[in-house]
Amino acid sequence: MARDYYEALGVSRTASAEEVQRAYRKLARQHHPDVNRDPGAEERFKEVSEAYSVLSDPDTRKRYDRFGPDFRQIPEGYEAYADAARAGGRGSPAGSRGGSPFGGGRVWVDSDGGERFGVGDIDFDDLFSGLFGSRGAGGPIPGADQEAELELSVEGAYRGGSRRITLSGAGEPSSFEVTIPPGVTDGQRIRLAGRGGQGSGDAAAGDLYLVVRLAPHHRYRVNGRDISVDLPLAPWEAALGASVPVPTPGGEAKVRVPAGSSTGRRLRLRGEGMPNPRGTPGDLYAVVKIMVPRTLTSRERELFESLRRDSTFDPRGET
């Protein structure tokens, strides 16, 4: 049986979404194979990634809390009918329940006082217990859809391409090539048909959904399809204006700096952000950052001293 997802992340069952996210980020950084060469780090990284993919989604977390490790095998709508049948049956031993998708509902009370529900002579608790408690009973069962996180650099997400990934599950690890479309964004899901859980009997396998996560970058900051990057400028470039190179994930570009640009000014390069195969690409914003020399030559010091004497500019007087 898979390890409890809450235990895997080291959080309580009442943990907030923010606590779950913080725990995941801490463990993911600690065990990522790129930074941790311990033989068990990769397996631990996959474990916490799987736990986060389930607990970070409110609906999926709710199903996991209710049904446990087999939550993916429970058909959609089962829990809604369970709630409706149980709610409708309180105070009455049996009878028709309005609003049931199966017609009349029926509620039993076990010897231990617990409720069971069904329609007519069919006890759905028994039925689903047989289906999911013992594999092979009740006929073929479709494979479960699964999720895994796919971490990409900003450049890798920009370019797209082919990447080999390895996933570990209940059986042997599986390794296969994944085609990543150019311009994928953080949180985007890539569907791999038939790569999910195996079905029983002749039933089809489920699908695998790879959830893209962009790794932190030392230069680029990504917001949707827009990218921001700092643009260091010398004081005279900012004051007089200039045409300077700016790095982008797709290669170097040129940006025109208007005269009188101060630190924090955002210069927009239309269409230089993340590509969008189905629409308009994002933009790149070069954010002005004025730099000064750490040490001055005698001539530079002379020029700055002259500027200080002659200039009437008061930066603290600007509004």
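None of these values were measured; they are calculated from a predicted model. (Residues numbered from 1 in each chain as written. Predicted model: local features only at pLDDT ≥ 70, side-chain atom pairs only at ≥ 80, totals over all residues. Heavy atoms only, no water.)

Caption draft 1: Seen up close, the overall build of the protein chain. Each helix and strand in the protein chain was counted, giving nine helices and 14 strands. A burial count over the protein chain gives 35% of its 319 residues as buried. The long-range fraction of contacts in the protein chain, counting pairs at least 24 apart against all pairs at least 6 apart in sequence, stands at 48%. Looking at the protein chain as shown, the accessible area adds up to about 19400 Å², and 49% of this sits on carbon and sulfur atoms. (Helix = DSSP H or I, 4+ residues; strand = E, 2+ residues; numbered from the N terminus. Buried < 20%, exposed > 50% of the residue type's maximum accessible area, 1.4 Å probe, protein only. Contact = heavy atoms within 4.5 Å. Areas by Shrake-Rupley, 256 points an atom, 1.4 Å probe, with all protein chains shown as cover.)

Caption draft 2: Region of the structure containing the packing of aromatic side chains. Inspection of the entire model under this criterion finds three aromatic pairs. Between Tyr6 and Tyr64, the aromatic rings sit 6.2 Å apart at their centres with planes inclined by 35°, giving tilted as the arrangement. Separated by 58 residues along the polypeptide, Tyr6 in helix 1 (residues 5–9) and Tyr64 in helix 4 (residues 58–67) bring together distant segments of the chain. On the basis of relative accessibility, which here comes to 1%, the residue Tyr6 falls in the buried class. A ring pair is formed by Tyr24 and Tyr52, whose centres lie 4.3 Å apart and whose planes are at 10°; its orientation type is stacked. Within this pair, whereas Tyr24 is found in helix 2 (residues 17–31), its partner Tyr52 is found in helix 3 (residues 41–55), the two being separated by 28 residues in sequence. Assigned by exposure class, Tyr24 and Tyr52 land together as buried. (Phe/Tyr/Trp six-rings, centres within 6.5 Å; stacked < 30°, edge-to-face > 60°.)

Caption draft 3: How the structure looks around helix 2. Its 15 residues give helix 2 an end-to-end C-alpha distance of 21 Å, which sits within 8% of 21 Å, the value for a rise of 1.5 Å per residue. Contact partners of the buried residues in helix 2: helix 1, helix 3, helix 4 and strand 4 (146–152). (Expected span 1.5 Å × (residues − 1).)

Caption draft 4: Representation of the nonpolar core in the model. Ranked by size, the top nonpolar core spans 35 residues in total, and within it Leu152, Ile190, Leu210, Leu231 and Val246 carry the most contacts. Those residues within four positions of Leu231 in sequence are excluded, and the remaining contacts are Val244, Pro245, Val246, Val255, Val257, Leu267, Ala286, Val287, Val288 and Lys289. Listed in part, the 19 residues of the second largest apolar core include Ala23, Leu27, Ala51 and Tyr64. (Core = buried A, V, L, I, M, F, W, Y, C linked by side-chain atoms within 4.5 Å.)

Caption draft 5: Fine view of the sheet that holds strand 4. Spatially, 4-8-7 is the arrangement adopted by the three strands of the open sheet, whose pairing is mixed. Each end of this open sheet is capped by a strand with a single partner; those strands are strand 4 and strand 7 (189–192). When the angles between neighbouring strand axes are averaged without regard to direction, this sheet yields 30°. With four bridges joining them, strand 7 and strand 8 (residues 208–214) adopt antiparallel strand pairing. Opposite Leu192, over in strand 8, you have Leu208 as the bridge partner. (Pairing = 2+ DSSP bridges. Axes fitted to C-alpha atoms, helices over the stretch in contact; angles between N-to-C directions.)

Caption draft 6: Region of interest: the sheet that holds strand 9 (residues 220–223). Reading across from one edge, 9-10-14-13 is the order of the four strands in this open sheet, with mixed pairing throughout. In the strand order of this sheet, the two ends are held by strand 9 and strand 13 (266–269), each with one partner. Each strand of the sheet is rotated relative to its neighbour by a mean of 30°, with strand direction disregarded. Two elements, strand 10 (residues 226–233) and strand 14 (residues 284–290), share seven bridges in a ladder whose sense is parallel. In the sheet register, Asp230 faces strand 14, and the bridge partner there is Val287.

Caption draft 7: How the structure looks around the pattern of salt bridges. Scanning all chains against the criterion turns up 13 salt bridges. Here Asp207 and Arg191 are joined by a salt bridge, their closest N and O atoms 2.9 Å apart. One end of the pair, Asp207, is in the loop between strand 7 and strand 8; the other, Arg191, is in strand 7, with 16 residues separating them in the sequence. On the basis of relative accessible area, Asp207 is assigned to the buried category, the value being 13%. Between Arg268 and Asp283 there is a salt bridge, and its shortest N-O distance comes to 2.8 Å. Of this pair, Arg268 sits in strand 13 while Asp283 is found in the loop between strand 13 and strand 14, placing the two residues 15 residues apart along the sequence. (Salt bridge = Lys/Arg side-chain N within 4 Å of Asp/Glu carboxyl O.)

Caption draft 8: Examining the environment of Asp207 more closely. Linking Asp207 and Gly194, residues 13 residues apart in sequence, is a C-alpha distance of 4.7 Å. Once you skip the residues sitting within four places of it in the chain, Asp207 turns out to touch Ala144, Asp145, Gln146, Arg191, Leu192, Ala193, Gly194, Arg195 and Gly196. Polar side-chain contacts of Asp207 include one of 2.9 Å to the backbone nitrogen of Gly194. (Polar contact = N/O pair within 3.5 Å; in protein donor to acceptor, adjacent residues only side chain to side chain.)

Caption draft 9: Spotlight on a nonpolar patch on the surface. A surface patch of nonpolar side chains, amounting to about 510 Å² of accessible area, comprises Trp236, Leu240, Leu296, Phe304 and Leu307. For Leu240, the position within the fold is in helix 8 (residues 235–240). (Patch = residues over 30% accessible without salt bridge, like charges linked within 9 Å, V, L, I, M, F, W, Y side chains within 5 Å.)

Caption draft 10: Main features of the side chain of His31. Along the chain, His31 falls in helix 2. Note on His31: relative accessible area 13%, which makes it buried. Among all residues touching His31, those that are not within four sequence positions of it are Asn36, Ala41, Glu42, Arg44 and Phe45.

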